[in-house]
Amino acid sequence: LREWACSPEYANFLHRMLAMAIQQPPPLEPPPLPDHTVPLFVSPASHSLSAKFSPYSLCLEREMIMVPMAACGEKLYQCLQTHMPAGIELLRKRAEEERGLSAARDKAKSCLRLRRLECGEGISREEFVRCCERLVECAEYLKPLAEGMSLRVAHAHEVGTCGIFVDIQWNFEL
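Before going into details, it helps to say that this report is about the structure given with it.

## Focus on the pattern of salt bridges
Point 1. Under the counting rule described, the total for this entry stands at 8 salt bridges.
Point 2. As a salt-bridge pair, Arg125 and Glu97 come within 3.8 Å of each other at their nearest N and O atoms. You can see Arg125 sitting in helix H5 (residues 125-137) and its partner Glu97 sitting in helix H4 (residues 73-112), a full 28 residues away along the chain.
Point 3. For Glu97, a relative accessible area of 35% translates into the label partly exposed.
Point 4. By sharing partners, the salt bridges in this structure join Glu89, Arg92 and Glu96 into a single network.

Structure (structure tokens):
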């Protein structure tokens, strides 16, 4: 990013957008909440993401709107008008999922009196939440064993190599 963040190509993009905004202000409504602003990724043609994703599109994987550096103001405005509502909805859903994940984690930590409860690498949000729910269901049996521990939801039962966590399988059974 730093190689082209201050490049002449990027500076020209910013100058074009500024000139366009002065001549013709953007016809966009401000986002309803400041934390629901969809990031805009302005990419040079040489960037690897330019080949992976189509220009002037909402990239669901990266949660951002993709715009080529060669864009003109009118195309940029059109792209933002087209993709901003879907982008805001995507961010709203992600925030909702995060709140659900945090609530499940907090409830399991509280029931078992855990020091820490983390999601291991390769574990989906759904697997983590289901594991937290199972931990709460089994709290009566697990609390005497797990109280004060740092657990990490993983694909297999083991003591973490760092020595901090005890990994529990996300779909454990008692």
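## As for the pairing of strand S3 (residues 64-68)
Every regular strand shows the same layout, with side chains that alternate between the two sheet faces.
Point 1. Burial within S3 is extensive, with 4 of its 5 residues counted as buried.
Point 2. Here 4 bridges tie strand S1 (residues 40-43) to S3, and the two strands are oriented parallel to one another. Bridge assignment links Phe41 to a residue of S3, and that residue is Met66.
Point 3. Of the strand pairs in this sheet, strand S2 (residues 57-59) and S3 are connected by 3 bridges, and their pairing is antiparallel. Looking at S3, one finds that Leu58 is bridged to Ile65.
Point 4. The loop that links S2 with its antiparallel partner S3 comprises 4 residues; one of these, Glu63, has a positive phi angle of about 55°.

## With respect to the sheet that holds strand S5 (residues 150-154)
Point 1. The strand order S4-S5-S7-S6 describes an open sheet built from 4 strands, whose pairing is mixed. Each having just a single partner strand, strand S4 (116-119) and strand S6 (158-159) make up the two edges of the open sheet.
Point 2. Sheet analysis places S5 next to strand S7 (residues 166-169), joined by 4 bridges and oriented parallel. Counterpart to Leu151 in the pairing with S7 is Val166.
Point 3. Along the sheet, H5 makes contact with S4, S5 and S7, crossing S4 at roughly 150°.

Cut-offs and rules
- Residues numbered from 1 in each chain as written.
- Predicted model: local features only at pLDDT ≥ 70, side-chain atom pairs only at ≥ 80, totals over all residues.
- Heavy atoms only, no water.
- Salt bridge = Lys/Arg side-chain N within 4 Å of Asp/Glu carboxyl O.
- Helix = DSSP H or I, 4+ residues; strand = E, 2+ residues; numbered from the N terminus.
- Buried < 20%, exposed > 50% of the residue type's maximum accessible area, 1.4 Å probe, protein only.
- Pairing = 2+ DSSP bridges.
- Contact = heavy atoms within 4.5 Å.
- Axes fitted to C-alpha atoms, helices over the stretch in contact; angles between N-to-C directions.

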